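For reference, the chains in residue letters:
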Amino acid sequence: MAQTEKKGGLLRKSSASKKPLKEKVVLMYDEIFTTEDPSKCNPRFWEELFLMKVNLEYLEGKLEALDGEELMKIKDNINCLFQHCIQALGEEHPIRVVNALQTLCALIRGVHQKNKSTSGFDIINMLVGFDKAELCMKNLMESLDSLLCAEGSESLKSLCLKLLLCLVTVTDNISQNTILEYVMINSIFEAILQILSSPLSRREHGYDAVVLLALLVNYRKYESVNPYIVKLSIVDDEPTLNPHCFVCLFVFRLFRQYKDKEEEHQSGFFSAITNMVMSLKEHEYHPEMGLMTAPTSPVPTTPVTPLGTTPPSSDVISSAELPLDADVQTSNLLITFLKYSSIVMQDTKDEHRLHSGKLCLIILTCIAEDQYANAFLHDDNMNFRVNLHRMPMRHRKKAADKNLPCRPLVCAVLDLMVEFIVTHMMKEFPMDLYVRCIQIVHKLLCYQKKCRVRLHYTWRELWSALINLLKFLMSNETVLLAKHNIFILALMVVNLFNMFITYGDTFLPTPSSYDELYYEIIRMHQNFDNLYSMVLRLSTNAGQWKEPASKVTHALVNIRAIINHFNPKIESYAAVNHISQLSEDQVLEVVRSNYDTLTLKLQDGLDQYERYSEQHKEAAFFKELVRSISINVRKNLAFNTLSQELLLKEFSTIS
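As the structure is a computational prediction, the values presented were derived from the model and not from experiment. (Residues numbered from 1 in each chain as written. Predicted model: local features only at pLDDT ≥ 70, side-chain atom pairs only at ≥ 80, totals over all residues. Heavy atoms only, no water.)

A short note on the overall build of the protein
- Within the protein, the secondary structure is distributed over 33 helices and 3 strands.
- Across the 655 residues that make up the protein, the buried fraction comes to 54%.
- Contacts spanning at least 24 positions in sequence make up 76% of the contacts within the protein whose residues lie at least 6 apart. (Helix = DSSP H or I, 4+ residues; strand = E, 2+ residues; numbered from the N terminus. Buried < 20%, exposed > 50% of the residue type's maximum accessible area, 1.4 Å probe, protein only. Contact = heavy atoms within 4.5 Å.)

Thoughts on the packing of aromatic side chains
- Taken as a whole and judged by the stated rule, the model has 19 aromatic pairs.
- Considering the side-chain rings of Y518 and F566, the 5.8 Å spacing of their centres and the 90 degrees angle between planes classify their relative orientation as edge-to-face. Placement of Y518 in helix α26 (residues 511-523) and of F566 in helix α29 (residues 557-576) is noted, with a sequence separation of 48 residues between them.
- You can call F566 buried: its relative accessible area is 0%.
- Taken together, the ring pairs in this structure connect Y457, W459, W463, F500 and F507 into an aromatic cluster.
- Lying across the ring of F33, K62 places its NZ or CZ 5.9 Å from the centre. (Phe/Tyr/Trp six-rings, centres within 6.5 Å; stacked < 30°, edge-to-face > 60°. Lys NZ or Arg CZ within 6 Å of the ring centre and 35° of its normal.)

With respect to the environment of Q544
- Mapping Q544 onto the fold places it in the loop between α27 (525-539) and α28 (546-555).
- Look at Q544 and you get exposed, because its relative accessible area is 63%.
- Put simply, Q544 and N485 are 59 residues apart on the chain and 9.7 Å apart in space, counted from C-alpha to C-alpha.

Some points on the confidence of the model for the protein
- Confidence along the protein averages 79 in pLDDT terms, with 77% of residues attaining 70 or more.
- Note that pLDDT drops below 50 for residues 1-7; the model gives that stretch 11 contacts with residues more than four away or on any other chain. (pLDDT = per-residue confidence, 0-100.)

Describing the packing of helix α22 (residues 431-451) against helix α23 (residues 459-475)
- The N-to-C vectors of α22 and α23 enclose an angle of 145 degrees; their axes lie 13 Å apart at closest approach. Note on packing geometry: the crossing formed by α22 with α23 is left-handed. Residue-level inspection shows Y434, I438, V441, L445 and Q448 of α22 in contact with α23, the latter providing W459, L462, L466 and L469.
- Of the residues that constitute the contact of α22 with α23, the class distribution is 8 nonpolar, 1 polar and no charged. (Axes fitted to C-alpha atoms, helices over the stretch in contact; angles between N-to-C directions. Left-handed = near helix turned anticlockwise from the far one by under 90°. Nonpolar A, V, L, I, M, F, W, Y, C, P; charged D, E, K, R; others polar.)

Observations regarding the environment of D415
- Within the fold, D415 resides in helix α21 (residues 409-423).
- As for D415 and L388, which are separated by 27 residues in sequence, their C-alpha atoms are 8.3 Å apart.
- Every residue in contact with D415, bar those within four places of it in the chain, is listed here: L388, R407 and Y457.
- Side chain to side chain, D415 and Y457 meet in a polar contact 2.7 Å long. (Polar contact = N/O pair within 3.5 Å; in protein donor to acceptor, adjacent residues only side chain to side chain.)

A closer look at unusual backbone geometry
- The backbone of R220 sits at a positive phi, close to 45 degrees, despite the residue not being glycine.
- If you trace the backbone, R220 turns up in the loop between α12 (199-216) and α13 (227-233).
- The phi dihedral of H578 falls on the positive side, at around 55 degrees, and the residue is not glycine.
- Tracing the backbone shows H578 in the loop between α29 and α30 (584-593).

Considering the nonpolar core
- Among the nonpolar cores identified, the biggest contains 103 residues, and W459 and F497 are the most heavily contacted of them.
- Ranked by residues supplied to this core, first place goes to helix α25 (residues 486-507) with 14 residues.
- Counting 94 residues, the second largest nonpolar core, distinct from the first, contains V54, L212, L359 and L637. (Core = buried A, V, L, I, M, F, W, Y, C linked by side-chain atoms within 4.5 Å.)

A few points about the environment of M345
- For M345, the position within the fold is in the loop between α18 (333-344) and α19 (351-369).
- Sequence separation between M345 and C360 is 15 residues; the distance between their C-alpha atoms is 7.7 Å.
- With near-sequence residues (within four places) excluded, M345 lies in contact with G357, C360, L361, L416, M417, F420 and H424.

Structural notes on the packing of α26 against α30
- At a closest axis distance of 10 Å, the pairing of α26 and α30 adopts a crossing angle of 110 degrees. Considered as vectors, α26 and α30 are oriented roughly perpendicular to each other. Residue-level inspection shows D515, E516, Y518, Y519 and I522 of α26 in contact with α30, the latter providing E584, V587, L588, V591 and R592.
- For the contact of α26 with α30, the residue count by class is 6 nonpolar, no polar and 4 charged. (Parallel < 35°, antiparallel > 145°, perpendicular 65-115°, else oblique.)

Quick notes on the pattern of salt bridges
- Under the counting rule described, the total for this entry stands at 28 salt bridges.
- The partner of R109 in a salt bridge is E60, and the shortest N-O contact between them spans 3.2 Å. Taken together, the positions of R109 in helix α6 (residues 94-112) and E60 in helix α3 (residues 56-65) put the pair 49 residues apart, joining distant regions of the chain.
- A relative accessible area of 22% means that R109 is categorised as partly exposed.
- As a salt-bridge pair, R537 and E477 come within 3.1 Å of each other at their nearest N and O atoms. Taken together, the positions of R537 in helix α27 and E477 in helix α24 (residues 477-481) put the pair 60 residues apart, joining distant regions of the chain.
- Overlapping salt bridges, with partners in common, bring together K358, D432, R436 and E618 in one network. (Salt bridge = Lys/Arg side-chain N within 4 Å of Asp/Glu carboxyl O.)

Considering helix α8 (residues 133-149)
- Its 17 residues give α8 an end-to-end C-alpha distance of 24 Å, which sits within 8% of 24 Å, the value for a rise of 1.5 Å per residue.
- Every buried residue of α8 is listed here: A133, C136, M137, L140, M141, S143, L144, L147 and L148. Buried residues of α8 fall within an arc of 160 degrees about the axis and therefore sit on the same side. Residues E134 and L135 are exposed on α8 and point more than 90 degrees away from its buried face.
- Where α8 is buried, its residues meet α5 (75-88), α6, α7 (123-127), α9 (154-168), α10 (180-185) and α11 (189-197). (Expected span 1.5 Å × (residues − 1). Arc of directions from axis to C-beta.)

Topic: the state of the cysteines
- Summed over the entire model, instances satisfying the criterion amount to 0 disulfides.
- There is no disulfide at C105, and the cysteine sulfur nearest it, in C166, is 5.1 Å away.
- Classification of C105 by relative accessible area gives buried; the value is 0%. (Disulfide = S-S within 2.5 Å.)

Structure, rendered in structure tokens:
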């Protein structure tokens, strides 16, 4: 018997003498693509169509093959098909509903290809007609809402979410997608939250739901009131909020797997991540999407208790203990986010990873400005062990997890900032990320100064990292000045030291901590001397850097006063006692005994900062980020993942 091949909707026998035979559904599609009403000759045309297995490839291809003028000629039939698809969503037979959902996806994608300025028609008019658009879209959104909230098939919910993602991403810039006006008017926010609240639905559809919500909240958010933003901002239900960090948990789990094999594989972290993702079948993971949806979880703006809090020792877990179930919480959301940030912020060499790191720092900036979030971060009664990812470096030993101390969460935030400062001094200098990092530290210090929080933290690590950063800026002055105004960053670092010098007695944990600050400044005085020489040279020359360099010169006044005051005292002490090299204790003794003769200038505005504003400064970044996610989602959407056999098995009873 001759074999039968199936390709592009054709059923063709291997014998060349036979004419190709078309599937019945393809013949029905061809009838739709004529100017005649297909139901004239066959009154049961639409009923039969939705019992046929959808041929997505043929339908989309047929739409794309037509030019704008040809498509306008069959507009009535396209409108009719769209309307009958919506009607079929209310059918009792699940197979009809599935086929209607897939047909809608193909229609939207196919017609979108013709929605160009040269085509001269509007996508809404082409799909439903202007006169019926409001009613049709209302019925469509109500049907999708009902299917998502129903107790029925998970396959149907999956297709509903994919259809919604298709609707949202038909344009690269979602704010230009006029179809979304109907999604705003007929909100499905509650349906999305219901999916995230249900363990079963969350496991199956949580990823798509979070991506969909992330896109919807970015629709024209600067131009009008976005109802999804309003509703999301007032959600305070813990079980609902927990799943928003699902992607963080997923990526963190991959990282833990990577760490166990770190010594076996010499390839980079993200290369290893890619290999592991490919081997996992439970979720289709796209780096850009994953990195975007994770930080979408709202930062608490009201007093909160730790979500899913566990005893301090429980937070550090081995990979064998790491639960694979997304429903199991091992720590609060902020700990998960800090761990996630420590991973994605390490490698910023390509644009996507750079954007991910920037997004994490923006979220941390908002946290550092929030009064209630700061109260939680600094609460001495809530201590945790937070195992951040630390980049392997030759000059430092690998920290043992078991040695991590229990501390307030602000210590983990500071650790993350110190880690970033230390590990990103490179030729492709991420200036913007460094500025954000220093701003976060400054805002945390402002809170500590304001509330007189004496944080027991290893401040020396921060001071050392900041001094090394200044040293790096000076060593690479020529290369960096060709790309960046490094004096902005230098001024911020110097003013952090000024903050410690001026107000350190209000927030440093002990008097000896203040002494250690002076010791570090004196010990590393050569770096400050070199910085002063550099900025003095540039501020006395007429050039583009004169003004910014002058600001650094003036900011160094107290640091130079400390150096010039204590260095002669130390040298005198060494000479009198015939000591060639003083120990730390001896230097500290000199410092303590000579505070009373030190004169410093009071500097204004050290504890002031400009609050974060997305609309004016970050709008372009978020617009481009959402654009790239929209493109990625559209490219990776798959509507035909459910085979007809699986559907028939799931919907075994069709009356």
